[in-house]
Amino acid sequence: MNLAESLLHALKDFGAEEIFGIPGDFALPLFKVIEESGILPCYTLSHEPAVGFAADAAARIRGKPSVAAVTYGAGAFNLVNPVAAAYAEKSPVVVISGAPGVAEAASGLLIHHQAKHLKSQLEIYKEITCDQCILDDPARAPEQIARVLNRCVNESRPVYLEMPRDRVFAEAEPVNTMRQPLSVRSEALDACVAEIAERLAQSTSPVLLVGVEVRRFGLEDSVARLARKLGIPVATTFMGRGLLADTDVALRGTYLGVAGDPEVTRLVEGSDGLVMLGVITSDNNFGISRRQINLEKSVLACDGAVSLGYHVYPDIPLVDLVSALERTVPIAKALPSRAQTLPSGLVADEAAISPLDIACAVNDLFARHGTMPVASDIGDCLFTAMDFVNTRLVAPGYYATMGFGVPAGFGLQAATGERPLVLVGDGAFQMTGWELLNCRRHGWDPLVLVFNNCSWEMLRAFQPESSFNDLDDLHFADIARTLGGDGYRAATRRELRDALAQAHATRGRFQLVEIILPRGALSPTLDRFVAGFKKRRAGEQS
Ligand code: S1T
Ligand code: MG
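Please read all numbers here as calculations on a predicted model, not as lab measurements.

Colleague: Looking at this structure, I do not really get the sheet that holds strand S12 (residues 305–308). What am I missing?
Modeller: Pairing between sheet strands relies on hydrogen bonds along the backbone, with the strands arranged either parallel or antiparallel. In space, the seven strands of this open sheet follow the order S9-S8-S7-S10-S11-S12-S13, with mixed pairing throughout. The strands lining the two open edges of the sheet, one partner per strand, are strand S9 (253–254) and strand S13 (311–313). One ladder, built from two bridges, connects strand S8 (residues 234–236) with S9; its direction is parallel. When the sheet's bridge partners are listed, Ala235 is paired in S9 with Gly253. Its contacts with the sheet place helix H12 (residues 262–269) against strand S7 (206–210), S8, S9 and strand S10 (273–277), and it is angled at close to 115 degrees to S7.

Printed below as a string of structure tokens:
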């Protein structure tokens, strides 16, 4: 087989099921093999940021790698922001970049798409991927591919492979795709688990807080079993919203400090035995209330290590920790279930729509027809989603890049085969909404809710005096038709209910519901988030 085929088979063995990409002259031979071999389906899009976001979402929802294939320079540099997001939020995206042939690189001429040096691209990607290699030697390539893909799945982070265009058809051996999991010392694991069990036994108000690594490492079912055995309250972080949605664990809700449900905040901050599994300790997850969490009495398992109070057990992969805990902890008596109460029952009248009405309308829709996987952009749409019933959700809750929502919906539909619900603000839609034109070619039919407040509203909330936050009223519903879908513009609650019902009932092409929101109307969660942020900033300045 040739080198590209060897790589594609390896990707498939490591769990990749699709490629998103945009070719270029340095990547044409690679894309030829991708297309003609049929080893993995390839979905081409319009602009590289969308390629990265779609692959990221597919990787997140499956907890397995997905692939972003691009050309050298202009293509790969365009992919930097989504890959940085995937790095920050631990999504196993495999970047494959075409590159100048080994022979042409030696010509002494500057090569088109070159920035500073021919290796500049590799150097930049070293900062945002956990392993990299240039596949310029077909004899060594299979071993390099195996190393890089093992790192990708073991760390659940993006990796970078560069393929010179004159090496694509070189003969190569198949990659040894036997997994090489991280090794763990059983004495260290036993000691760590015993210490956690001891802490839980002494705690009078233990709480389990789950974060995104639980999905990244495919541990939702084991964590659900562990939660049942422990019989203690369970909440997710902001980033972890949507976790355990397919299990029978009665989640208390999502912890968001002063921005969140006050009962969940009291529970988490009042705990004298908080166990955090797979939690990224970012400011969005904790910033607003950080000082109030009792970190000395907490257990934090993340990034392959476990911290307890003042000491750290290095080299304890989450997978091993969760299964050892599951084996060790005694069965407690079940908690009376106290699940979150959520808004529903939209009053379908002529009143203007508020973000909370959107949550009501979506919950009503899900109650009637079943839930959908959700992809959300950053903006008030993500804070609004905190009032949705718990369903699988992908969103850049920590890295907070705009432009994620629409292409992430493609990733969800390609990876799961299910129709996704996409949430996106008007500002973010201006960045990647155009990509909806690709739905027709690839047979996708996402249901897209555009939160149109003619505004960069999140920014206005922090700095109301700036008029640059005003955006034009673009009538996104009209644009939908040109792009191959149907559009609905809803300005009243009745129109919202009707548009959602009709859009949900229409399959086979994307449906865009443009929801008109008055400027200044915030979801309850964003309102509390901004108030908490301002209070803290005032405290820091005084
Ligand atoms: N550029 C990119 C790629 N990502 C960002 N997060 C930003 C800029 C900064 C930024 C925000 S929130 C926001 C911007 C410009 C406004 C979002 O507007 P819209 O999508 O209409 O949503 P809403 O009106 O609900 O706020 C952040 C988080 O820093
Ligand atoms: Mg907006």
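What follows continues from the structure just given.
Colleague: Please clarify how the nonpolar core should be interpreted in this entry.
Modeller: The biggest cluster of nonpolar side chains holds 48 residues, and the ones touching the most others in it are Phe20 and Leu436. Element by element, the count of residues in this core is highest for helix H3 (residues 48–62), at eight residues. In terms of nonpolar packing, the next biggest core, distinct from the first, is built from 41 residues, Leu365, Val374, Ala385 and Met386 among them.

Colleague: What should I look at first to understand the site of ligand 1 in this one?
Modeller: Near ligand 1 lie 17 residues; those nearest to it are Asp380, Ala400, Asp426, Gly427 and Met458. Here an oxygen atom of ligand 1 sits 2.7 Å away from a polar atom, N or O, in the side chain of Asp426. At 3.0 Å, a side-chain N or O of Asn453 approaches an oxygen atom of ligand 1. In isolation ligand 1 offers 630 Å² of accessible surface; the protein chains occlude 78% of this area. Secondary structure elements with two or more residues in the shell around ligand 1: helix H18 (426–432) and helix H20 (457–462).

Conventions used here
- Residues numbered from 1 in each chain as written.
- Chains lettered and ligands numbered in written order.
- Predicted model: local features only at pLDDT ≥ 70, side-chain atom pairs only at ≥ 80, totals over all residues.
- Heavy atoms only, no water.
- Pairing = 2+ DSSP bridges.
- Helix = DSSP H or I, 4+ residues; strand = E, 2+ residues; numbered from the N terminus.
- Contact = heavy atoms within 4.5 Å.
- Axes fitted to C-alpha atoms, helices over the stretch in contact; angles between N-to-C directions.
- Core = buried A, V, L, I, M, F, W, Y, C linked by side-chain atoms within 4.5 Å.
- Buried < 20%, exposed > 50% of the residue type's maximum accessible area, 1.4 Å probe, protein only.
- Near = heavy atom within 4 Å.
- Polar contact = N/O pair within 3.5 Å; in protein donor to acceptor, adjacent residues only side chain to side chain.
- Areas by Shrake-Rupley, 256 points an atom, 1.4 Å probe, with all protein chains shown as cover.

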